[in-house]
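Each chain, written out:
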Amino acid sequence: MKTKIKKKEKKYILLFIIPTLILYTLFIIYPLFSSLALSFYSWPGAGKPTFVGLRNFRMLFVGPFSKELFNAFFHNVYFFILTSLFELGIGFFIAVMLATKIKRISIFKTIIYIPNMIPIILVGFMWSLFLNPQIGFVNQLLRAIGLKNLAKPWLGDPNLALTVIILVNVWRSIGFYVLVLLAAIQNIPLDLIEAAYMDGASNWQLIRKVIFPLTLPTFRTLLILLFIWSFNTFELIYAMVGVQAGPFRSTDVLGTLFYRTAFGGLGSAVVDMGLGAAVTVFIFCIVMPLSILYVVYKEKRESER
Amino acid sequence: MLLCLYAFNVFMPFLMMIFNSFKTVRDLFLYPFSFPLRPETNNFIEAWKRARLANGYKNSLIVSLSTLVSVIALTSMFAYAISKHEFCLRRLLFSYIMLGLALPARLAVVPLFLLLNSLGLTDTLFGLIILFTAINLPFSIFILKNFMDTIPNELIEAAKIDGGSPFQIYRKIILPLCKPAISIVGIVTFVNVWNDFFFPLIFINDKSKAPVTLGISIFFGEYGNEWPLLFAALTLAMMPSLVLYAFLSRQLIAGMTQGAIK
């Protein structure tokens with residue numbers, strides 16, 4: 001039975017609610033709408049913003065920026081696909097291994113999450129040093145084991161750079177996915193697994209026909225998160241190749257494109273906050289539907305508890 | 001069969017750790033794999049000074065802790081009000097806040113910059129704190145409200161009969177009971193704020209106000225080719241995160257995966 005509100009209580013409740021509401025509305029809700037509004041203006045930093053209607057969007061989608069925009073967009077897509085494959089694919093298998101009852105397995109659990117703890121920007125810098133063609137251990141290792149031809153300028157090659165960055169991302173983030181998948185796997189009732197073994201299932205069959213289907217809902221949630229994060233990626237690219245997203249924009253993503261257009265940097269043709277806002281509107285439209293889906297899932301699950 | 005693959009599992013973070021220790025070598029070219037014969041501890045001292053790490057730590061700590069405290073204070077009150085009191089806007093308010101979970105704050109960074117600018121808060125730690133607090137409100141409210149919903153109302157009824165004001169009830173009953181949820185929120189918020197780079201990048205220009213993440217980035221820009229120093233600085237910068245993890249790994253993992261597990 002819930003309590004009814006008395007007048008004095010009402011005052012307290014208002015006190016409890018209002019500061020949070022103000023902060024939230026002012027710094028989260030308002031800026032998002034303002035961003036949308038701003039995307040219809042042109043504002044090169046100095047002076048006042050001028051209304052330009054849909055010009056920003058035209059410039060982005062069919063005008064001079066469209067090449068860069070879609071280049072970045074497809075890089076984000078590539079990022080998402082590759083990251084999902086590796087992090088969920090390899091992650092799943094690691095999770096399965098961790099779910100077995102081998103002694104002291106939990107040590108690995110702790111270990112695999114370590115890279116997740118380090119700020120992404122530091123991970124990026126660290127690997128940019130490791131991948132340095134001269135002093136980085138990657139190339140030195142390759143040379144040492146005789147694969148000299150493979151010792152390339154990893155971040156300097158337009159064809160390799162993005163993939164390499166994605167691999168670093170996998171290195172850093174896989175722990176999260178492993179742990180979530182592990183929890184999902186451990187939720188499977190033991191009787192099911194025992195029954196499967198008694199029916200003569202091999203390990204591989206067990207994974208394919210029992211574990212994997214039962215963890216599919218978790219995959220779904222993780223994919224959504226991965227999608228959102230893939231389109232928001234920025235720090236890693238910044239740390240490893242800089243905001244210019246070299247070489248030759250081969251690692252450009254929407255995040256770096258946005259930063260260049262809104263705040264500038266060497267070699268960006270235009271610095272226009274309105275244009276930058278338009279880029280964020282674009283990202284927003286891509287990410288928002290899935291974000292909402294995610295929150296809806298979360299709510300549903302909480303209410304099922 | 002599976003055992004050999006565990007080696008790789010361990011390989012990854014250890015790779016990070018082993019090779020971080022390279023930092024003390026002057027001639028990385030000559031001794032790529034072995035631990036240095038004459039460890040150059042001077043690198044650490046140099047890096048500490050030049051990367052302004054003391055400053056960076058101080059700033060990161062101030063921002064992270066302040067955000068943590070504000071978030072917990074504000075959201076616990078808000079969650080308590082929403083969870084335990086009936087009024088018509090209750091559900092609406094909650095959904096309103098949940099909207100924030102889906103909205104990535106980064107996308108609004110241009111208006112945020114303009115907003116903080118007009119308030120005179122760009123390039124200040126206080127501005128960062130306010131910003132990070134706002135960003136972390138929805139998640140915290142989500143966790144706390146759901147947790148509070150499980151607190152039996154009888155306890156609160158009893159306290160009310162004993163004549164407690166809502167504020168007293170909040171302080172003496174709700175807060176102690178919510179410790180597990182609060183610790184999750186605290187840890188997640190702290191780590192997220194400490195690790196952030198994007199917002200400090202945009203809002204902070206004064207090097208003396210840079211948190212560690214931004215500080216290292218600046219350092220890398222300034223000392224591009226002095227590898228030993230760079231490695232040393234990275235090691236030092238990563239230390240707090242690793243130490244924190246060493247002490248709180250269980251809670252950390254629990255907190256960070258909250259978003260995806262049930």
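Because the structure is a prediction, the values reported are computed rather than measured.

Definitions and cut-offs
- In this convention, every chain numbers its residues from 1, walking through the sequence in written order.
- To label them, take the chains in the order written and letter them from A, then take the ligands in the order written and number them from 1.
- Residue-level local features of this predicted model are given only where pLDDT is at least 70; pairs of side-chain atoms are given and counted only at 80 or more, and the full residue set underlies all totals for whole chains, interfaces and linings.
- Where helices and strands are cited, they refer to DSSP runs of H or I of at least four residues and of E of at least two residues respectively, numbered from the N terminus.
- Exposure classes come from backbone-placed C-beta atoms, where a residue is buried if 20 or more other C-beta atoms lie within 10 Å of its own, exposed if 12 or fewer do, and partly exposed in between.
- Once C-beta atoms have been placed from the backbone, residue pairs whose C-beta atoms lie within 7 Å are recorded as contacts.
- Axis geometry follows a simple rule: fit a line to the C-alpha atoms, using only the stretch in contact for helices, then measure angles between N-to-C directions, giving values from 0 to 180 degrees.
- Note that the term roughly parallel is reserved for angles under 35 degrees, roughly antiparallel for angles over 145, roughly perpendicular for angles of 65 to 115, and oblique for everything else.
- Handedness of a crossing follows from how the near helix is turned relative to the far one, being left-handed for an anticlockwise turn of less than a right angle and right-handed for a clockwise one.
- Residue polarity follows a fixed list, in which Ala, Val, Leu, Ile, Met, Phe, Trp, Tyr, Cys and Pro are nonpolar, Asp, Glu, Lys and Arg are charged, and the others, Gly among them, are polar.
- Domain delimitation in this document rests on an assignment produced automatically or drawn from a domain database.
- Note on terminology: a nonpolar core is any set of buried Ala, Val, Leu, Ile, Met, Phe, Trp, Tyr and Cys residues joined through C-beta atoms within 7 Å.
- One confidence number per residue, pLDDT, is output by the predictor and ranges from 0 to 100.

**Student:** Mind laying out the overall build of chain B, listing which residues take part and the relevant values?
**Tutor:** Check the secondary structure of chain B and you find twelve helices and zero strands. Reading chain B from its N end, one meets helices and strands in the order α-α-α-α-α-α-α-α-α-α-α-α. The buried share among the 262 residues of chain B stands at 47%. The contacts of chain B with a sequence gap of at least 6 include a subset with a gap of at least 24, amounting to 77%.

**Student:** Explain the overall build of chain A to me, using residue names and the numbers behind them.
**Tutor:** Each helix and strand in chain A was counted, giving 13 helices and two strands. In terms of its C-alpha atoms, chain A occupies a principal-axis envelope of roughly 75 × 75 × 30 Å. Counting all 305 residues of chain A, 43% fall into the buried class. The contacts in chain A between residues at least 6 apart in sequence include a share of 67% that link residues at least 24 apart.

**Student:** Account for unusual backbone geometry, naming residues and giving values.
**Tutor:** Residue and element names in this part refer to chain B. In the Ramachandran plot, Asp123 falls in the positive-phi region, its phi being about 60° despite a non-glycine side chain. Position of Asp123 among the secondary structure elements: in the loop between α5 (109-118) and α6 (125-148). Exposure remark for Asp123: the 14 C-beta atoms within 10 Å place this residue in the partly exposed category.

**Student:** Now, about helix α12 (residues 254-263) of chain A: what can you tell me, with residues and values included?
**Tutor:** Residues lying three or four places apart along an α-helix face the same way, a consequence of the helix completing one turn every 3.6 residues. The buried count for α12 of chain A comes to nine of ten residues, which makes it a mostly enclosed element. The positive-phi residue at the C-terminal boundary of α12 of chain A is Gly264 of chain A, with phi of around 80°.

**Student:** Could you give an account of the packing of helix α3 (residues 66-99) of chain A against helix α8 (residues 161-186) of chain A, with specific residues and numbers?
**Tutor:** Residues and elements named next belong to chain A. At their nearest, the axes of α3 and α8 sit 6 Å apart, and the two run at 40° to each other. Put simply, α3 runs oblique to α8. Viewed along their axes, α3 and α8 form a crossing whose handedness is right-handed. Among the residues forming the contact of α3 with α8, the class breakdown is 21 nonpolar, seven polar and one charged.

**Student:** Describe in detail the environment of Phe190 of chain B, supporting the description with residues and values.
**Tutor:** Residues and elements named next belong to chain B. Here Phe190 is to be found in helix α9 (residues 179-195). Linking Phe190 and Ser140, residues 50 residues apart in sequence, is a C-alpha distance of 12 Å. Excluding residues that lie within four positions of it along the chain, Phe190 makes contacts with Ser64 and Leu68.

**Student:** Now, about the domain arrangement of chain A: what can you tell me, with residues and values included?
**Tutor:** Bring the parts together and some accessible area is lost; that lost area is often taken as the interface size. All names here are of chain A. Each assigned domain of chain A is listed here: domain 1 (7-51) and domain 2 (65-304). For domain 1 versus domain 2, the distance between C-alpha centres works out to 32 Å. With ten residues of domain 1 at the interface, the matching set in domain 2 holds nine residues. Across the side of domain 1 that touches domain 2, the residue classes tally to six nonpolar, four polar and no charged.

**Student:** Please set out the environment of Thr280 of chain A residue by residue, giving values where relevant.
**Tutor:** Residues and elements named next belong to chain A. Assignment of secondary structure puts Thr280 in helix α13 (residues 273-304). Residue class for Thr280 comes out buried when judged on the 26 C-beta atoms lying within 10 Å of it. When the C-alpha atoms of Thr280 and Trp204 are compared, they prove to be 45 Å apart, with 76 residues separating the residues in sequence.

**Student:** How would you sum up the interface of chain B and chain A? Please name residues and give values.
**Tutor:** With 72 residues of chain B at the contact, the number on the chain A side is 72 residues. It is helix α12 (residues 227-256) of chain B that provides the largest number of residues to the side of chain B that touches chain A, a total of twelve residues. Its residues assigned to classes, the side of chain B that touches chain A shows 53 nonpolar, 14 polar and five charged.

**Student:** Now, about the nonpolar core: what can you tell me, with residues and values included?
**Tutor:** Across soluble globular proteins, nonpolar side chains have a tendency to be buried as a group. One finds Leu122 and Val178 of chain A together with Ile216, Ala233 and Leu234 of chain B to be the most contacted residues of the largest nonpolar core, which totals 166 residues. The residues that make up this core include at least three from each of domain 1 (7-51) and domain 2 (65-304) of chain A. Dropping the residues within four chain positions of it, Ala233 of chain B is found in contact with Ala47, Ala51, Leu53, Ile216 and Phe219 of chain B.

**Student:** Kindly report on the confidence of the model for chain B, identifying the contributing residues and their values.
**Tutor:** A residue-level look at chain B finds 83% of positions with pLDDT of 70 or above and a mean pLDDT of 80. Prediction confidence for the complex, expressed as pTM and ipTM, is 0.86 and 0.85 respectively.

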